[in-house]
Amino acid sequence: VKDEGKNHFQFFTSEMNDLVSRKSKIAMSIRKGLELGEFTVRYQPQFDIESEKIIGVEALVRWHHTKWGPISPAEFIPIAEENGMILHIGEFVLRTACQQNKDWQDAGLPPFRVAVNISAKQFSNSNIAAVVTSALADAGLSPEFLELELTESIIQGARSAISKMWELKAMGIHLSIDDFGTGYSSLSYLKLFPVDTLKIDQHFTRNIHNDPKDAALVDTIIQMAHNLELNVIAEGVETSEQLAFLKKKKCNQAQGYYFQKPLLPDQIEKLYLKA
Ligand code: C2E
Ligand code: CA
Ligand code: CA
Ligand code: CA
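Every chain is numbered independently, its residues counted from 1 as its sequence is written. Written order determines the labels here, with chains lettered from A and ligands numbered from 1. In view of the model being predicted, local features appear only for residues whose pLDDT reaches at least 70, and side-chain atom pairs are presented and counted only at 80 or more, with totals across whole chains, interfaces and linings using the full set of residues. Each side-chain value is derived from all of the structure's non-hydrogen atoms; neither hydrogens nor water enter the calculation.

## A closer look at the coordination of the calcium ion (ligand 2)
Any N, O or S atom lying within 2.8 Å of the metal counts as a donor, with the limit raised to 3.2 Å for Na, K and Ca; because water is left out of the atom set, some sites can appear incomplete. Protein-derived ligands of the calcium ion (ligand 2) are Glu58 (OE), Asn117 (OD1), Glu149 (OE) and Asp178 (OD), with the metal-ligand distances lying across 2.1 to 2.3 Å. A separation of 3.8 Å is found between the calcium ion (ligand 2) and the calcium ion (ligand 3), both of which receive a donor from aspartate 178. Of this pair, glutamate 58 sits in strand 2 (residues 54-65) while glutamate 149 is found in strand 5 (residues 146-150), placing the two residues 91 residues apart along the sequence. Put simply, DSSP marks the helices as runs of H or I at least four residues long and the strands as runs of E at least two long, and each gets a number from the N terminus on.

## Brief notes about the pairing of strand 5
Classification of residues uses two cut-offs on accessible area relative to the type maximum, computed with a 1.4 Å probe and protein chains only: under 20% is buried, over 50% is exposed, and between them is partly exposed. The element strand 5 is largely enclosed, with a buried count of five among its five residues. Should DSSP find at least two bridges between two strands, the strands are regarded as paired. Pairing geometry for strand 4 (residues 113-117) and strand 5, over four bridges, is parallel. In the sheet register, alanine 115 faces strand 5, and the bridge partner there is glutamate 147.

## Focus on helix 6 (residues 128-139)
Between the first and last residue of a helix there are one fewer steps than residues, each counted as 1.5 Å, and that sum is the expected span. The first and last C-alpha atoms of helix 6 sit 16 Å apart over twelve residues, in line with the 16 Å expected at 1.5 Å per residue. Burial in helix 6 covers these residues: Ile128, Ala129, Val131, Val132, Ala135, Leu136 and Ala139. Looking down the long axis of helix 6, one finds its buried residues gathered within 165 degrees of arc, a one-sided arrangement. For helix 6, the exposed residues lying more than 90 degrees away from the buried face are Ala137 and Asp138. Residues of helix 6 that are buried in the fold lie against helix 4 (86-106), helix 5 (120-125), strand 5 and helix 8 (160-170). In the segment just after helix 6, glycine 140 is the residue with positive phi, at about 75 degrees. Think of it as the arc spanned by the lines of direction from the helix axis to the C-beta atoms. Two residues qualify as a contact provided that any one of their heavy atoms is within 4.5 Å of a heavy atom in the partner residue.

## Notes on the coordination of the calcium ion (ligand 4)
Surrounding the calcium ion (ligand 4) are the protein donor atoms Asp179 (OD) and Asp179 (OD), at 2.9 to 3.1 Å. In this structure the calcium ion (ligand 3) is found 3.6 Å away from the calcium ion (ligand 4), and aspartate 179 serves as a bridging donor for the pair.

## Quick look at the confidence of the model for the protein chain
Confidence of the prediction at every residue is given by pLDDT, a number between 0 and 100. On average, residues of the protein chain carry a pLDDT of 92, and 92% of them reach 70 or more. Every residue in residues 1-12 scores below 50 in pLDDT, and together they form zero contacts with partners more than four places removed in sequence or on other chains. Of the two predicted TM-score estimates for the complex, the pTM is 0.93 and the ipTM is 0.97.

## Concerning the site of ligand 1
For this purpose, a residue is taken to be near a molecule or strand whenever a single non-hydrogen atom of the residue falls within 4 Å of it. Near ligand 1 lie 22 residues; those nearest to it are Gln44, Arg62, Gln202, Glu238 and Tyr257. In the analysis that follows, any N or O atom pair within 3.5 Å is treated as a polar contact, provided that within protein one partner can donate a hydrogen and the other can accept it, and provided that, for residues neighboring in sequence, both atoms belong to side chains. For ligand 1, a nitrogen atom lies 3.0 Å from a polar atom in the side chain of glutamine 44. Contacts to ligand 1 include glutamate 238, whose side-chain N or O atom sits 2.5 Å from a nitrogen atom. Note on areas: these come from Shrake-Rupley sampling with a 1.4 Å probe, and a residue is covered only by the protein chains present in the view. If ligand 1 stood free it would expose 800 Å²; the protein chains cover 83% of that surface. For the shell around ligand 1, the leading source of residues is strand 2, giving four residues. Here the term charged refers only to Asp, Glu, Lys and Arg, the term nonpolar to Ala, Val, Leu, Ile, Met, Phe, Trp, Tyr, Cys and Pro, and the term polar to all other amino acids, Gly among them. Split into classes, the residues belonging to the shell around ligand 1 amount to nine nonpolar, six polar and seven charged.

Okay, structure coming up:
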């Protein structure tokens, strides 16, 4: 009777596993993954186009599940936003990135900013200024070396967004708008919010050379940024032709596979110790 019960249980378990979607398996595994140290952070360098010097790195989270292998942030971040785990992932990335940047500075690398992606839910559902203050203090990192990448959806959201952004700005943190041009916000927010940098989405960068309209959009975004005295960076730069176009249009900075993929901390240290 005991064996029967066991078999029945096993049968039920495997059947249940088949019925439970990959999405809910992922949703249920994030907390455990964080506890087990399955999440890590890679860093993709950002360059000044004129001087070709490194000016920062973007922190990008990675998840290597012990059983399922690597899971893309494009897959698990939206799930984490739905079930609230993004608050935990986000704080993990923020703390790791601040500590890492301090470690690089202590190791003698030229000081640069670390940019951390903040999801809309993380921005609205947490006391972001308090979380950031604590992460900076624990790492011993000066606020000028931290940048937060926000999306236009944050701006569309709650009214409290504007006061939160001013609070962060007053602390001395650099703020950028990620995926600029892909949201549906009115441009008027650019004069209300204390934004430092516009980040041109990689879909525009990608088509600079095969779609004249994308080239015109990139050109327009760069000129607008400069007219508003904002810094502008292009992401997803993969070719020398794209870089040449951006340089001609006086885009300030660039990031993409043409320069470097997202790297391990050690790789950053080896590459830029003598920069
Ligand atoms: P994103 O913030 O727009 O990040 C840029 C993505 O483009 C990254 O993908 C990066 O690895 C990739 N990329 C960089 N250079 C190139 C290039 O030259 N060509 C192409 N085709 N791709 C390039 P990744 O790391 O897979 O991240 C995907 C998205 O997941 C990010 O898009 C971001 O929205 C989200 N994400 C990643 N890490 C975090 C995080 O710590 N917190 C939050 N909230 N979101 C994150
Ligand atoms: Ca980003
Ligand atoms: Ca982006
Ligand atoms: Ca994106």
